[in-house]
Amino acid sequence: QVQLVESGGGLVQAGGSLRLSCAASGSIFSINYMGWYRQAPGKQRELVADITSGGVTNYADSVKGRFTISRDNAKNTVDLQMNSLKPEDTAVYYCRCLGIVTTRGIQHYWGQGTQVTVSS
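The text that follows walks through the structure, step by step, so that each part is easy to find.

### Regarding the sheet that holds strand E8 (residues 77-82)
Then, in step 1: Taken together, the 4 strands give an open sheet; going across it, the order is E1-E3-E8-E7, and neighbouring strands pair in antiparallel fashion. The sheet is open, and its two borders are formed by strand E1 (3-7) and strand E7 (67-72), each paired with just one other strand. Across the sheet, the mean angle from the axis of one strand to that of its neighbour is 15°, orientation sign disregarded.
Then, in step 2: As paired elements, E1 and strand E3 (residues 18-25) share 5 bridges and run antiparallel to each other. Bridging from a neighbouring strand, Ser7 pairs with Ser21 of E3.

Here it is as structure tokens:
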């Protein structure tokens, strides 16, 4: 069984920074894809940033230049450094892992979500 545990959300003023972390635990050999998504009230869940096992990154246009995604393959963690936060970044942020190679085969998981609130 794989678990994704997120941390680092909270309340911050506009212009501030937060760092989100997601740790995958269980009988994991490797993880192909790791990403962060977000869902604001009344809106669809959207991709924020993702990163492959080889370190190739991809960002939503709305966060380019402000957010940085990174991962530690040895620790099975993925972080999202969020700078220059704006009120429109307010959402529940979810960690997503695809292609988790485990003793039970290849699995895919979502984290439970962590709230990020940016006040103006």
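### Here we look at the side chain of Arg66
Then, in step 1: Its place among the elements puts Arg66 in the loop between strand E6 (57-59) and E7.
Then, in step 2: For Arg66, a relative accessible area of 10% puts it in the buried group.
Then, in step 3: In terms of polar contacts, Arg66 uses its side chain to reach the backbone carbonyl oxygen of Ser84, at 2.9 Å.
Then, in step 4: Excluding residues that lie within four positions of it along the chain, Arg66 makes contacts with Gln81, Met82, Asn83, Ser84, Leu85, Lys86 and Asp89.

### Some remarks on the pairing of strand E9 (residues 91-102)
Then, in step 1: Counting buried residues in E9 gives 9 out of 12 residues, a clear majority hidden from the surface.
Then, in step 2: The pairing of strand E4 (residues 28-39) with E9 spans 10 bridges and is classified as antiparallel. In the strand pairing of E9, Ile31 is matched with Ile100.
Then, in step 3: Of the pairings in the sheet, the one linking E9 to strand E11 (residues 114-119) comprises 3 bridges and is antiparallel in character. Looking across to E11, one finds that Val92 is bridged to Gln115.
Then, in step 4: Turn length for the E9-strand E10 (residues 105-110) hairpin, with the two strands adjacent in sequence and antiparallel, is 2 residues.

Analysis parameters
Starting from 1, residues in each chain are numbered consecutively following that chain's sequence as written. Where local features are concerned, this predicted model is filtered to residues with pLDDT of at least 70; where side-chain atom pairs are given and counted, the filter is 80 or more; whole-chain, interface and lining totals use all residues. With hydrogens and water stripped out, all remaining heavy atoms of the structure feed into the side-chain values. One requirement defines pairing of two strands: DSSP has to find at least two bridges between them. The numbering of helices and of strands both runs from the N terminus, where a helix is a DSSP run of H or I of at least 4 residues and a strand a run of E of at least 2. Structural elements are reduced to axes, namely lines fitted to C-alpha atoms, with helices fitted over the stretch in contact, and the angle between N-to-C directions of any two is expressed from 0 to 180 degrees. Three labels apply to residues, based on accessible area from a 1.4 Å probe with only protein chains included: buried if under 20% of the type maximum, exposed if over 50%, partly exposed otherwise in between. Throughout this description, a polar contact denotes any pair of N or O atoms lying within 3.5 Å of each other; where both atoms belong to protein, one of them has to be capable of donating a hydrogen while the other can accept it, and for residues adjacent in sequence the pair is counted only when both atoms sit in side chains. Residues are treated as being in contact if the distance between any of their heavy atoms lies within 4.5 Å.

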